[in-house]
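# Breakdown of the fold
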Amino acid sequence: INLNRECLMNKTELIDALSVETTFSKKDVTRVLESLTRIIERSLRKGEKVSLTGFGTFTTSIRPARKGINPATKERIDIPEIQIPRFKPGKNLREVVRAM
């Protein structure tokens, strides 16, 4: 996989592309995109799942507590359990990417 600059779409480029495709202003697209991310974040924080049929599902899972080593001191440490976001691509998204 080539992860250089040419292969990365940043937020500004996504807003530009959405604005062109929908003919909505960049200002309106920005508000919608920021609202979408806030709603997904809020839902995940409450333990809810967000499913966009065909695109994918955002969920959270718990990474269990474990032992680790502080690389600076080589001291053994306890790493606490944490909740992390997950994304599972939907069937349509998987098929589009596989066809590339």
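Let me sum up the structure you'll find in this document.

Rules used in this analysis
Residues numbered from 1 in each chain as written. Predicted model: local features only at pLDDT ≥ 70, side-chain atom pairs only at ≥ 80, totals over all residues. Heavy atoms only, no water. Helix = DSSP H or I, 4+ residues; strand = E, 2+ residues; numbered from the N terminus. Buried < 20%, exposed > 50% of the residue type's maximum accessible area, 1.4 Å probe, protein only. Axes fitted to C-alpha atoms, helices over the stretch in contact; angles between N-to-C directions. Left-handed = near helix turned anticlockwise from the far one by under 90°. Contact = heavy atoms within 4.5 Å. Nonpolar A, V, L, I, M, F, W, Y, C, P; charged D, E, K, R; others polar. Pairing = 2+ DSSP bridges. Patch = residues over 30% accessible without salt bridge, like charges linked within 9 Å, V, L, I, M, F, W, Y side chains within 5 Å. Areas by Shrake-Rupley, 256 points an atom, 1.4 Å probe, with all protein chains shown as cover. Salt bridge = Lys/Arg side-chain N within 4 Å of Asp/Glu carboxyl O.

### Description of the environment of Pro85
Tracing the sequence through the fold places Pro85 in strand E5 (residues 82-89). On the basis of relative accessible area, Pro85 is assigned to the exposed category, the value being 63%. The sequence separation of Pro85 and Thr60 amounts to 25 residues, and the corresponding C-alpha distance is 4.4 Å.

### With respect to the packing of helix H1 (residues 11-22) against helix H2 (residues 26-45)
For the pair H1 and H2, the least separation of the axes is 9 Å and the interaxial angle reads 120°. Where H1 crosses over H2, the handedness of that crossing is right-handed. Contacts from Lys11, Leu14, Ile15, Asp16, Leu18, Ser19 and Thr22 in H1 reach Lys26, Val29, Thr30, Leu33 and Glu34 in H2. In terms of residue class, the contact of H1 with H2 is built from five nonpolar, three polar and four charged.

### Quick notes on the pairing of strand E2 (residues 56-63)
Of the strand pairs in this sheet, strand E1 (residues 50-52) and E2 are connected by three bridges, and their pairing is antiparallel. Residue pairing in the sheet places Leu52 in a bridge with Gly56 of E2. Connecting E1 to the antiparallel partner E2 that follows it, the hairpin turn spans three residues, and Gly54 within it adopts a positive phi of roughly 85°. Two strands pair when backbone bridges link them, and E2 and E5 are joined in this way by eight bridges, in the antiparallel orientation. Bridge assignment links Thr59 to a residue of E5, and that residue is Arg86.

### Notes on the pairing of strand E4 (residues 76-79)
Regular strands show a simple pattern: their side chains alternate between the two faces of the sheet. Relative to E4, strand E3 (residues 66-69) runs antiparallel, the two being bridged by four bridges. Across the sheet, residue Ile69 finds its bridge partner in E4, namely Arg76. Counting the residues between successive antiparallel strands, the hairpin from E3 to E4 contains six residues, one of them, Lys74, with a positive phi of roughly 65°.

### As for the side chain of Ser43
Counting through the fold element by element, Ser43 comes out in helix H2. Contacts of Ser43, omitting those with residues within four sequence positions, involve Glu48 and Val50.

### Overview of a nonpolar patch on the surface
Together, Met9, Leu14 and Leu18 make up an exposed nonpolar region whose accessible area comes to about 240 Å². For Met9, the position within the fold is in the segment before H1.

What is shown is where atoms sit, not what they do.
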